[in-house]
Amino acid sequence: MKELLDEISAQMETFRENAKSQLDKGNKSAGLRARRASLDLEPLLKRFRKLSLEASNPNLAH
């Protein structure tokens with residue numbers, strides 16, 4: 001779970017930096033990178049949700 005949280009944090013930082021660059025400087029390439037990072041975050045967050053639910057309710061574990 002710690003590795004997953006580290007991976008989510010790294011992707012969030014990538015997203016944050018690129019989104020800020022697009023907003024502040026109008027950098028279109030940074031916008032593309034931010035959108036890509038947001039797509040990369042989706043499966044990580046779904047995996048976190050699954051693991052979190054399993055940890056809080058062992059009866060859900062498959």
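The structure displayed is predicted, hence computed values, not measured ones.

The next subject is the overall build of the protein chain. Helices and strands together make up the secondary structure of the protein chain, namely two helices and zero strands. Since a compact globule built from 62 residues should have a radius of gyration of about 11 Å, the 15 Å found for the protein chain marks it as more spread out than a globular shape. Seen through its principal axes, the protein chain has C-alpha atoms that stretch 50 × 15 × 15 Å. Counting only contacts in the protein chain whose residues sit at least 6 apart along the sequence, the fraction spanning at least 24 positions is 53%. Of the accessible surface of the protein chain, which amounts to about 4900 Å², a share of 56% is contributed by carbon and sulfur atoms. Placing the 12 positive and 9 negative side-chain charges of the protein chain at their respective mean positions leaves the two points 6 Å apart.

Over its 29 residues, helix H2 (residues 28–56) runs 41 Å from end to end, which matches the ideal 42 Å to within 8%, given 1.5 Å per residue. Among the residues of H2, those classed as buried are Ala-30, Gly-31, Ala-34, Ala-37, Leu-41 and Leu-44. Here the buried face of H2 lies against helix H1 (2–25). The opening residue of H2, the one whose side-chain oxygen lies 3.0 Å from the backbone nitrogen of Ser-29, is Asn-27.

With respect to the helices and strands, Ser-29 occurs in helix H2. You can call Ser-29 partly exposed: its relative accessible area is 42%. The spacing of Ser-29 and Lys-46 is 17 residues in sequence and 27 Å in space, taken between C-alpha atoms.

This part covers the pattern of salt bridges. Evaluation of the coordinates by the stated rule reveals five salt bridges. The salt bridge partner of Glu-42 is Lys-46, with a shortest N-O separation of 3.6 Å. In this pair, Glu-42 and Lys-46 both sit in helix H2, four residues apart, roughly one turn of the helix. Overall, Lys-46 belongs to the exposed group, its relative accessible area being 56%.

Let's shift gears to the packing of H1 against H2. For the pair H1 and H2, interaxial distance at closest approach is 8 Å and the crossing angle is 155°. The pairing of H1 with H2 is recorded here as roughly antiparallel in orientation. In this structure, H1 meets H2 at a crossing whose hand is left-handed.

Calculation rules
- Residues numbered from 1 in each chain as written.
- Predicted model: local features only at pLDDT ≥ 70, side-chain atom pairs only at ≥ 80, totals over all residues.
- Heavy atoms only, no water.
- Helix = DSSP H or I, 4+ residues; strand = E, 2+ residues; numbered from the N terminus.
- Rg over C-alpha atoms; globule rule 2.2 N^0.38 Å.
- Contact = heavy atoms within 4.5 Å.
- Areas by Shrake-Rupley, 256 points an atom, 1.4 Å probe, with all protein chains shown as cover.
- Lys, Arg positive; Asp, Glu negative; His and termini not counted.
- Charge placed at Lys NZ, Arg CZ, Asp CG, Glu CD.
- Expected span 1.5 Å × (residues − 1).
- Buried < 20%, exposed > 50% of the residue type's maximum accessible area, 1.4 Å probe, protein only.
- Polar contact = N/O pair within 3.5 Å; in protein donor to acceptor, adjacent residues only side chain to side chain.
- Salt bridge = Lys/Arg side-chain N within 4 Å of Asp/Glu carboxyl O.
- Axes fitted to C-alpha atoms, helices over the stretch in contact; angles between N-to-C directions.
- Parallel < 35°, antiparallel > 145°, perpendicular 65-115°, else oblique.
- Left-handed = near helix turned anticlockwise from the far one by under 90°.

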